[in-house]
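Observations on the three-dimensional arrangement
The chain contents come next:
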Amino acid sequence: MEIIILPDATTGGAYAARMIEKLVRNKPKAVLGLATGSTPIPVYQNLIQKHQEENLDFSQVTTFNLDEYLGLDPSHPASYHSFMREHLFSKLNIPQSQIHIPDGLAPDIEAHCAAYEAAIVKAGGIDLQLLGIGGEGHIGFNEPSSSLTSRTRVKTLIPRTREDNKRFFKPEEAVPHHVLTMGIGTIMEARTILLLAFGDGKAEAIARSLEGPLTARIPASILQMHPKTIVLLDEGSASKLEMKDYYRYVYEHKETTHSIHREENELLS
Ligand code: F6R
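Owing to the predicted nature of the structure, the values given are computational and were not obtained by experimental measurement.

To continue, consider the packing of aromatic side chains. For the structure on display, the rule yields six aromatic pairs. Ring plane angle 45° and centroid distance 6.0 Å describe the contact between Tyr-69 and Phe-141, whose orientation is recorded as tilted. Of the two residues, Tyr-69 is situated in strand β4 (residues 67–69) and Phe-141 in the loop between β6 (128–131) and β7 (153–156); the sequence distance between them amounts to 72 residues. Summarising the burial analysis for this pair, Tyr-69 and Phe-141 share the class buried.

Here it is as structure tokens:
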């Protein structure tokens, strides 16, 4: 894992977008794994800007979202279909046929999940998977106790996640109990994983994921087993890391040898 501590979420968003830009310019048919929630919003804002002002072309890109609420209509304002439309897809040129989001209303959920997995394989696998992290260490909606080799399926949200996500629903609406999510095994097959976490509220989950034992109690801890995971943090989310000075040291000493770091540093200076 490569752990990079940046000043804030704005810088983190710019950094992540620059990585995605690099991928898409080098490989126009890139397959992106996307996330919802507050964390990727600055990334999406940067990508929109690059598309509108710097000719970053997404016309051949294929996307797969991590998750969706079970039973929620795609037109519901709190659905992840709506989220993605509002924050990204309505402002980029990705053809609708190349956008994939689990369908919470699929009549045969099991068949839908199997088809979702098959579509990822048919697209050539995910080149870069963007991830946020839940307060209890979930990735996608793989809550604590999820099988570390799981595939796309239905999961039950833990109360903390339902509480955290209340903000996307109207006060009188109940947050669904169930979701469809890519499995941990599915996520682990992405060639590169980019995990983003910003703010003190993520500090405990980040410390346990990056420095704790590998355990289904903290699903994100499986990322320790991934050959290419990059973790972008801010001071808040990094605050409980025992080895944070070491991670800064590693990053500083890689700047001159790895072009991505040199370029990112120029970007950030
Ligand atoms: C969203 C997802 C979740 C979120 C996580 C963090 O598609 O899969 O794992 O990334 O719950 O959410 P935020 O970014 O809102 O703190």
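Having seen the structure, we can now continue with the description.
It is worth spelling out the side chain of Arg-153 at this point. Mapping Arg-153 onto the fold places it in strand β7. Although Arg-153 is buried, it makes no salt bridge; Glu-117 carries the closest opposite charge, 7.5 Å away. Side-chain polar atoms of Arg-153 contact the backbone oxygen of Arg-151, separated by 3.2 Å. The contacts of Arg-153, once residues within four sequence positions are left out, are Cys-113, Asn-142, Ser-146, Val-179, Leu-180, Thr-181, Met-182 and Gly-183.

So, on to the site of the ligand. Taken together, 13 residues form the shell around the ligand, and within it Thr-39, Asp-67, His-138, Gly-140 and Lys-202 come nearest. In the environment of the ligand, an oxygen atom lies 2.6 Å from a nitrogen or oxygen atom belonging to the side chain of Lys-202. Bound to the protein, the ligand loses 92% of the 410 Å² it would expose on its own. Across the shell around the ligand, the residue classes tally to three nonpolar, seven polar and three charged.

This next bit is on helix α7 (residues 203–211). When α7 is considered as a whole, its buried residues turn out to be Ala-203, Ala-205, Ile-206, Ala-207, Ser-209 and Leu-210. Tucked into the core, α7 has its buried residues touching β1 (2–5), β9 (192–197), β10 (229–233) and α8 (235–238).

Another point: the sheet that holds strand β3 (residues 62–65). Within the open sheet, the seven strands sit side by side as β1-β10-β9-β6-β2-β3-β5. Their pairing is parallel. Either end of the sheet is taken by a strand with one partner, and the two such strands are β1 and β5 (99–100). Here two bridges tie strand β2 (residues 31–34) to β6, and the two strands are oriented parallel to one another. Its bridge partner lying in β6, Leu-32 is registered against Leu-128. Against the sheet, α7 engages β1, β9 and β10, with an angle of about 155° to β10.

In this section: the packing of helix α1 (residues 9–26) against helix α2 (residues 41–54). The packing of two helices is summarised by the inter-axis angle and the distance between the axes. As a packed pair, α1 and α2 sit with axes 8 Å apart at the nearest point and diverge in direction by 50°. When the axis of α1 is compared with that of α2, the two are oblique. Every pair of crossing elements has a handedness; the one defined by α1 and α2 is right-handed. Within the contact between the two elements, α1 uses Ala-9, Gly-13, Ala-14, Ala-16, Ala-17, Arg-18, Ile-20, Glu-21 and Arg-25 and α2 uses Pro-42, Val-43, Asn-46, Leu-47, Lys-50 and Glu-54.

Along the chain, the position of Cys-113 falls in helix α4 (residues 109–122). Of the residues examined, Cys-113 reaches a relative accessible area of 5% and is grouped as buried. Here the alpha-carbon distance between Cys-113 and Arg-151, two residues 38 residues apart in the chain, equals 8.2 Å.

Looking now at the pattern of salt bridges. Per the counting criterion, the structure on display carries 14 salt bridges. Linking Glu-21 and Arg-25 is a salt bridge whose minimum nitrogen-to-oxygen distance equals 2.9 Å. With Glu-21 and Arg-25 both in helix α1 and four residues apart, this pair spans about one turn of that helix. For the salt bridge of Arg-191 with Asp-127, the shortest nitrogen-to-oxygen distance reads 2.6 Å.

What counts as what
Residues numbered from 1 in each chain as written. Predicted model: local features only at pLDDT ≥ 70, side-chain atom pairs only at ≥ 80, totals over all residues. Heavy atoms only, no water. Phe/Tyr/Trp six-rings, centres within 6.5 Å; stacked < 30°, edge-to-face > 60°. Helix = DSSP H or I, 4+ residues; strand = E, 2+ residues; numbered from the N terminus. Buried < 20%, exposed > 50% of the residue type's maximum accessible area, 1.4 Å probe, protein only. Lys, Arg positive; Asp, Glu negative; His and termini not counted. Salt bridge = Lys/Arg side-chain N within 4 Å of Asp/Glu carboxyl O. Polar contact = N/O pair within 3.5 Å; in protein donor to acceptor, adjacent residues only side chain to side chain. Contact = heavy atoms within 4.5 Å. Near = heavy atom within 4 Å. Areas by Shrake-Rupley, 256 points an atom, 1.4 Å probe, with all protein chains shown as cover. Nonpolar A, V, L, I, M, F, W, Y, C, P; charged D, E, K, R; others polar. Pairing = 2+ DSSP bridges. Axes fitted to C-alpha atoms, helices over the stretch in contact; angles between N-to-C directions. Parallel < 35°, antiparallel > 145°, perpendicular 65-115°, else oblique. Left-handed = near helix turned anticlockwise from the far one by under 90°.

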